[in-house]
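# Working through the structure, step by step
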Amino acid sequence: MKVLINGEWTQLSDSMVFVSDVLQHFEIHDKVVVVEVNGEILTKLEHQRTRLADKDRIEIVHFVGGG
């Protein structure tokens, strides 16, 4: 399926079904993130049960420490 992630069209493999699969693929599943799918902000619990569909719009924001 093809989805829009942070403004870029990305082809996902068939094994990426849930939002949590995408976060794990990009190795940000252990970080504090805010995820929005089609304009709706998801809670952390919803990452594992929100199924993705072709042409979904996903925004992922993660926080970086620094000084």
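Refer to the preceding data block for the structure.
All of the points below concern the structure found in this document. What you see is a predicted model, and the numbers here were worked out from it, not measured in a lab. (Residues numbered from 1 in each chain as written. Predicted model: local features only at pLDDT ≥ 70, side-chain atom pairs only at ≥ 80, totals over all residues. Heavy atoms only, no water.)

### Section: the layout of surface pockets
Size it by volume and the largest pocket reaches roughly 210 Å³. Leu23, His29, Lys44, Leu45 and His47 are the residues nearest the centre of the largest pocket, which is lined by 14 residues in total. Sorting the residues of the lining of the largest pocket by element identifies helix H1 (19–25), strand S3 (33–37) and helix H2 (44–47) as the ones contributing at least two each. (1 Å grid on protein atoms, 1.4 Å probe; cavity = no way out; pocket = protein on both sides within 12 Å on 5 of 7 lines; lining within 4 Å. Points joined across faces, edges and corners; volume = space filled by probe spheres on them. Helix = DSSP H or I, 4+ residues; strand = E, 2+ residues; numbered from the N terminus.)

### Focus: the pattern of salt bridges
Under the defined criterion, the tally for this structure stands at 1 salt bridge. One salt bridge connects Asp54 with Lys55, and the closest N-O pair in it is separated by 3.8 Å. (Salt bridge = Lys/Arg side-chain N within 4 Å of Asp/Glu carboxyl O.)

### So, a nonpolar patch on the surface
Among the surface-exposed residues, Val32, Val34, Ile41, Val61 and Phe63 lie close enough to one another that they form a single nonpolar patch of about 480 Å² accessible area. Summarising the element assignment, Ile41 is placed in strand S4 (residues 40–42). The exposed category is assigned to Ile41, whose relative accessible area is 59%. (Patch = residues over 30% accessible without salt bridge, like charges linked within 9 Å, V, L, I, M, F, W, Y side chains within 5 Å. Areas by Shrake-Rupley, 256 points an atom, 1.4 Å probe, with all protein chains shown as cover. Buried < 20%, exposed > 50% of the residue type's maximum accessible area, 1.4 Å probe, protein only.)

### Focus: the nonpolar core
Ranked by internal contacts, the top residues of the largest apolar core, which has 15 residues, are Val35, Ile58 and Ile60. Counting residues per element, the ones that place at least two in this core are strand S1 (2–5), H1, S3 and strand S5 (57–62). (Core = buried A, V, L, I, M, F, W, Y, C linked by side-chain atoms within 4.5 Å.)

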